[in-house]
Amino acid sequence: MIYYKAKIDGWFWTLIFVLTFTLLMVCSISEDGWTWPGIVVICVFLLIFLFLIWIITTVKYAIRGKELGVRNLAYKWEWLPIDKIESIKPVKSVLAGAALSFNRLSIKFTERNVLKSTMPLEIAPKDQNEFINNLKSVNPKIKILNQ
């Protein structure tokens, strides 16, 4: 099995920085020391921060034999047949998907029932060229489309 890390854009790190900076500002605002509302706000920001770190560590992709695996957040691995992939197209997208980058690969399947949707799968592996080459080694019929 070959694993691929998710590509993470700068916007995600900026979001984490802003949340951390906001948390530090909230901590320094109160001159009376710790107050219950301040503690609650700090706990909420810490939970959000931990949630974002959890997102980073759980978005993964894998190729296992003739299957493409996608893991996003707390979802278990979803295994999709590589032989049903029709085309792969590099796209810049902000749609919700299993990706932390706007530079994604849009994967279209030959059959609608693979994803139970007409929408393509959008993912963002860190090394997109290696990922595409490994998919094509399993299914040479995959078309690579230009943006």
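Our subject is the structure that appears above.
Residues numbered from 1 in each chain as written. Predicted model: local features only at pLDDT ≥ 70, side-chain atom pairs only at ≥ 80, totals over all residues. Heavy atoms only, no water.

Draft legend 1. Here's a closer look at the overall build of the protein chain. Helix and strand counts for the protein chain come out as three helices and eight strands. Taken from N to C terminus, the helices and strands of the protein chain fall in the order β-α-α-β-β-β-β-β-β-α-β. Taking contacts inside the protein chain between residues at least 6 apart in sequence as the whole, the part at least 24 apart equals 56%. Counting only carbon and sulfur atoms, one obtains 63% of the accessible surface of the protein chain, whose full area is about 9400 Å². (Helix = DSSP H or I, 4+ residues; strand = E, 2+ residues; numbered from the N terminus. Contact = heavy atoms within 4.5 Å. Areas by Shrake-Rupley, 256 points an atom, 1.4 Å probe, with all protein chains shown as cover.)

Draft legend 2. Region of interest: the pattern of salt bridges. This model, assessed by the stated rule, comprises three salt bridges. Salt-bridge contacts for Arg64 lead to Glu67; the nearest nitrogen and oxygen are separated by 2.6 Å. Judged by relative accessible area, Arg64 falls into the partly exposed class, the value being 33%. Under the relative-accessibility criterion, Glu67 is labelled partly exposed at 29%. The partner of Glu122 in a salt bridge is Arg104, with the nearest N and O atoms 3.5 Å apart. Taken together, the positions of Glu122 in strand E7 (residues 121-123) and Arg104 in strand E6 (residues 103-109) put the pair 18 residues apart, joining distant regions of the chain. Across the pair, Arg104 and Glu122 agree in class, each one buried. (Salt bridge = Lys/Arg side-chain N within 4 Å of Asp/Glu carboxyl O. Buried < 20%, exposed > 50% of the residue type's maximum accessible area, 1.4 Å probe, protein only.)

Draft legend 3. View of the nonpolar core. Among the nonpolar cores identified, the biggest contains 32 residues, and Tyr61, Ile85, Ile107 and Phe131 are the most heavily contacted of them. Elements represented by at least two residues in this core include exactly helix H1 (10-29), helix H2 (36-58), strand E2 (60-64), strand E3 (67-71), strand E5 (85-92), E6, E7 and helix H3 (128-138). A total of five residues in this core trace back to one element, the largest contributor, which is H2. (Core = buried A, V, L, I, M, F, W, Y, C linked by side-chain atoms within 4.5 Å.)

Draft legend 4. The arrangement of the layout of surface pockets in detail. Its boundaries defined by the atoms lining it, the second largest pocket holds a volume of some 180 Å³. Along the walls of the second largest pocket sit Tyr3, Tyr4, Lys5, Ala6, Lys7, Ile8, Ile56, Thr57, Val59, Lys60, Tyr61 and Lys126, which together make up its complete lining. A total of three residues in the lining of the second largest pocket trace back to one element, the largest contributor, which is strand E1 (residues 2-5). Looking at the lining of the second largest pocket residue by residue, the class counts come to seven nonpolar, one polar and four charged. (1 Å grid on protein atoms, 1.4 Å probe; cavity = no way out; pocket = protein on both sides within 12 Å on 5 of 7 lines; lining within 4 Å. Points joined across faces, edges and corners; volume = space filled by probe spheres on them. Nonpolar A, V, L, I, M, F, W, Y, C, P; charged D, E, K, R; others polar.)

Draft legend 5. Molecular detail of the side chain of Ser87. If you trace the backbone, Ser87 turns up in strand E5. Overall, Ser87 belongs to the buried group, its relative accessible area being 6%. With residues near it in sequence (within four places) discarded, Ser87 still touches Ser106, Ile107, Lys108, Ile142, Lys143 and Leu145.

Functional significance is not addressed by these values, which are geometric in nature.
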